[in-house]
Amino acid sequence: MKLVIQIPCFNEADALPVTLRDLPRSLPGIDLIEVIVVDDGSTDATAEVAWACGVAEVVRLGQHRGLARAFMAGIEAGLRRGADLIVNTDADNQYRGDEVGRLVAPLVAGQADMVVGERQGASVSEFSAVKLALLRVGSWVVRRASGTQLPDVASGFRALTREAAMRLMVFSDFTYTLETVIQAGNRGLAVGHVPVETNPSMRPSRLFGSVGEYVLRSSGTILRIYAMYQPLRVFALAGSLIASAGVLLAFRFLYFYVTNGGAGHFQSLIISAICCIVGFQVVLIGLVADLIAGHRRISEEILYRVRRLELERPPHDGP
């Protein structure tokens, strides 16, 4: 069994040697471990440092494309290298290298398709109260959207089987953590978690400029991905709320019609009719979106099968 550890990097020349040094060289049940670095358009010597540290491959993106794109580039590279298991870890040494064995153990045992490391150590103690609260709220929302029981959905320390890696596609440019969990849950993959220790932070997070930006972009990602997999539920809820507002306005008109002899308040009746019509139309849009989602699932299955054929095709010898 082959394990590929991928590390997305953006200007991590200083931290990368420490991260690479702590990674395991052998693990129970694993025959071969390789490390690949994804250089996401770094302007420092990240790629040169990675080669000097003896990694198996450096995937260089022409320009800075963001963490989500770098993550998927690493997944593709790991699959091309014949990985049976793929582990993603951060280049800033947040996650301890000796925890890789604990992370992949459920995969080796056939108990899960994806395992996410639940952060327990030093870096978590450095989180502000606001960040911890956002982490808990975000994890609760993603658990509801994905049907999983992950306590730390934002953790980037995760392991996937080859089958799970081939089935995941990240559409966001912001982060892969939330999207991949929602996808995995809605595609019926077995998603587990294990507690892992972390190292003290070497630098502040560069993923987002402020807490507000993180909340807005993460909320948008969750809503978009959830609507992609459960469109009827989302549109039916929105349509029902709009129609309910219309019904309430209709009762308001009836109340004043009875108590005041029908004088005035026709605006409520007009707005009520508009809300009921719009709500009904939103539900109809949900029905259409649900049909489109069915076709999308068929397209995803076709893409998966094509991907599998391409990756498992034997090398062509000869002219």
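Structure's up top.
Below is a short write-up of the structure. (Residues numbered from 1 in each chain as written. Predicted model: local features only at pLDDT ≥ 70, side-chain atom pairs only at ≥ 80, totals over all residues. Heavy atoms only, no water.)

Tallying secondary structure elements over the protein gives 11 helices and seven strands in all. The buried share among the 319 residues of the protein stands at 46%. In the protein, of all internal contacts separated by at least 6 residues, the share reaching a separation of at least 24 is 75%. By element, 61% of the accessible surface of the protein is carried by carbon and sulfur atoms, the whole surface being about 15,900 Å². (Helix = DSSP H or I, 4+ residues; strand = E, 2+ residues; numbered from the N terminus. Buried < 20%, exposed > 50% of the residue type's maximum accessible area, 1.4 Å probe, protein only. Contact = heavy atoms within 4.5 Å. Areas by Shrake-Rupley, 256 points an atom, 1.4 Å probe, with all protein chains shown as cover.)

For the coordinates displayed, the defined rule picks out 14 salt bridges. Close ionic contact of Arg81 with Glu34 constitutes a salt bridge, the shortest N to O distance being 2.7 Å. With Arg81 in the loop between helix 3 (67-80) and strand 4 (85-88) and Glu34 in strand 2 (residues 32-40), this residue pair connects regions lying 47 residues apart in the sequence. Overall, Glu34 belongs to the buried group, its relative accessible area being 15%. Arg307 is the partner of Glu76 in a salt bridge, and the nearest nitrogen-oxygen pair spans 2.3 Å. Here Glu76 is found in helix 3, whereas its partner Arg307 is found in helix 11 (residues 266-312), with 231 residues between them in sequence. Residue classification places Glu76 among the partly exposed positions, given a relative accessible area of 23%. By sharing partners, the salt bridges in this structure join Glu163, Arg167, Glu301, Arg305 and Arg308 into a single network. (Salt bridge = Lys/Arg side-chain N within 4 Å of Asp/Glu carboxyl O.)

With 29 residues, helix 10 (residues 231-259) ought to run about 42 Å at 1.5 Å a step, and its terminal C-alpha atoms sit 42 Å apart, in line with that. All buried positions along helix 10 are accounted for by Pro231, Gly239, Gly246 and Phe253. (Expected span 1.5 Å × (residues − 1).)

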